[in-house]
Amino acid sequence: MSGYGQRQHRRSTRRSWGWHPLQPEWAESVVASSDLGGRLVVDVGAGNGALTEPLVRRGARVIAVELNRDRAAALRDRFAGDAVTVVRADIAELRWPRKPFQVVASPPYNLTTQLVRRLLSLPALHSADLVLQRAAAKRLVREPVGRHAGRYTFELGMSIPRKAFNPPPKVDSVVLRIRRR
Ligand SMILES: C[S@@+](CC[C@H](N)C(=O)[O-])C[C@H]1O[C@@H](n2cnc3c(N)ncnc32)[C@H](O)[C@@H]1O
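Only a predicted model underlies this, so the values are computations on that prediction, with no experimental measurement involved.

> How should the overall build of the protein be read in this particular structure?
Within the protein one finds 6 helices and 7 strands. The N-to-C order of helical and strand elements in the protein reads α-α-β-α-β-α-β-β-α-β-α-β-β. Relative to the compact-globule value of 16 Å for 181 residues, the protein shows a C-alpha radius of gyration of 16 Å, a close match. Seen through its principal axes, the protein has C-alpha atoms that stretch 55 × 40 × 30 Å. Residue burial in the protein is summarised as follows: out of 181 residues, 33% are buried. For the protein, restricting intrachain contacts to residue pairs at least 6 apart in sequence, the fraction spanning at least 24 positions comes to 62%.

Here is the structure:
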């Protein structure tokens, strides 16, 4: 591959994976504000486990979903012996739990609408705390998407500046809080 080709490949790879891990102190704050209720928690797009770690420390049973092979393998190593099931899967094709669960996640921005639509169609979903691009989260509060959206409330939670991620994305984020009425 030429130098130009390699640069393009690296850029598109970065973009398609949406690789923006949260700094540990910010991940901790997101989890602390998520109303954990002793339920099963799904961390979709778990990356290197920034959110999985404080979830486990607070006693949650976690399903950590990650499509990237190396990150999924590293998650298995990191949480071996903890109450964590690592699933290497595409969010779009995930088989979601049938027993009550909540979601605490910082998913790739490009899958926001698809993910929220899918979550709201699942009878077992209790709540979701999603780190999203601020503009997308505001839009979802204004115009919730998906079947059964009326069963949930949508509100903006804590603001998350770009510097909370390493590498930082180009936009600020916010937690979208979805709660069953
Ligand atoms: C914004 S990063 C967040 C990582 C981690 N949750 C954190 O807060 O540090 C999004 C993660 O989603 C993963 N990802 C991207 N597309 C995915 C997909 N279709 N299915 C599952 N995971 C995906 C990426 O590999 C990346 O690890």
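Picking up after the structure, the text goes on.
> How should I be thinking about the UniProt feature "domain: Ribosomal RNA adenine methylase transferase N-terminal" (unreviewed entry) in the protein in this particular structure?
Per the UniProt record, "domain: Ribosomal RNA adenine methylase transferase N-terminal" (unreviewed entry) is found at residues 26-181. End C-alpha atoms of residues 26-181 are separated by 27 Å, and the span's content is 26% helix alongside 29% strand.

> For this particular structure, what's the right way to read the sheet that holds strand E7 (residues 173-180)?
Strand-to-strand pairing in sheets goes through backbone hydrogen bonds, with the strands running parallel or antiparallel. With mixed pairing, the 7 strands of this open sheet are ordered in space as E3-E2-E1-E4-E5-E7-E6. Strand pairing shows two members of the sheet lacking a second neighbour, strand E3 (84-87) and strand E6 (152-160), which therefore form its edges. Between one strand axis and the next, the sheet turns through 20 degrees on average, direction left out of account. Pairing of strand E1 (residues 40-44) with strand E2 (residues 61-65), which is carried by 5 bridges, proceeds in the parallel orientation. Bridge assignment links Val-42 to a residue of E2, and that residue is Ile-63. Seen against the sheet, helix H5 (residues 112-119) touches E1, strand E4 (101-105) and strand E5 (125-133) and runs at an angle of roughly 170 degrees to E5.

> It is not clear to me how the UniProt feature "binding site: S-adenosyl-L-methionine" (unreviewed entry) in the protein should be interpreted in this structure. Could you clarify?
The sites that UniProt annotates as "binding site: S-adenosyl-L-methionine" (unreviewed entry) are His-20, Leu-22, Gly-45, Glu-66, Asp-90 and Ser-106. By secondary structure assignment, the location of His-20 is in the loop between helix H1 (3-17) and helix H2 (24-32). Other than its neighbours up to four places away in sequence, His-20 contacts Phe-165, Pro-167 and Pro-169. Positionally, Gly-45 belongs in the loop between E1 and helix H3 (52-57).

> Is there a simple way to think about unusual backbone geometry in this case?
Note: most peptide bonds trans; most residues except glycine with negative phi. Going from Asn-166 to Pro-167, the amide bond is cis rather than trans, its omega being 5 degrees. Along the chain, the position of Pro-167 falls in the loop between E6 and E7.

> How should I be thinking about the confidence of the model for the protein in this particular structure?
Segments scoring low in pLDDT should not have their predicted coordinates read at a detailed level. In this model, the protein carries an average pLDDT of 91, and 91% of its residues clear a pLDDT of 70 or more. The low-confidence segment residues 1-15 (pLDDT under 50) makes 3 contacts with residues lying over four places distant or belonging to another chain.

> Just to check I follow, could you spell out the pairing of E5 for this structure?
It is a general feature of regular strands that their side chains alternate between the two faces of the sheet. Buried residues dominate E5, accounting for 7 of its 9 residues. Note: E4 against E5, 5 bridges, orientation parallel. Within E5, the position partnered with Val-103 by the bridge is Ala-128. Viewed along the sheet, the connection from E4 through H5 into E5 turns out right-handed. Of the pairings in the sheet, the one linking E5 to E7 comprises 7 bridges and is antiparallel in character. When the bridges of E7 are listed, Ala-128 appears paired with Ile-178.

> In this structure, what is going on with the environment of Ala-92? I would like to understand it.
Turning to its location among the elements, Ala-92 is positioned in the loop between E3 and E4. With 10 C-beta atoms packed within 10 Å, Ala-92 lands in the exposed category. Taking the C-alpha atoms as reference, Ala-92 lies 8.5 Å from Leu-111; in sequence the two are 19 residues apart.

Definitions and cut-offs
Residues numbered from 1 in each chain as written. Predicted model: local features only at pLDDT ≥ 70, side-chain atom pairs only at ≥ 80, totals over all residues. Helix = DSSP H or I, 4+ residues; strand = E, 2+ residues; numbered from the N terminus. Rg over C-alpha atoms; globule rule 2.2 N^0.38 Å. Buried ≥ 20, exposed ≤ 12 C-beta atoms within 10 Å, placed from the backbone. Contact = placed C-beta atoms within 7 Å. UniProt positions renumbered as here; feature names shortened; annotations may be inferred. Pairing = 2+ DSSP bridges. Axes fitted to C-alpha atoms, helices over the stretch in contact; angles between N-to-C directions. pLDDT = per-residue confidence, 0-100. Right-handed = clockwise from strand over helix to strand, strands pointing away.

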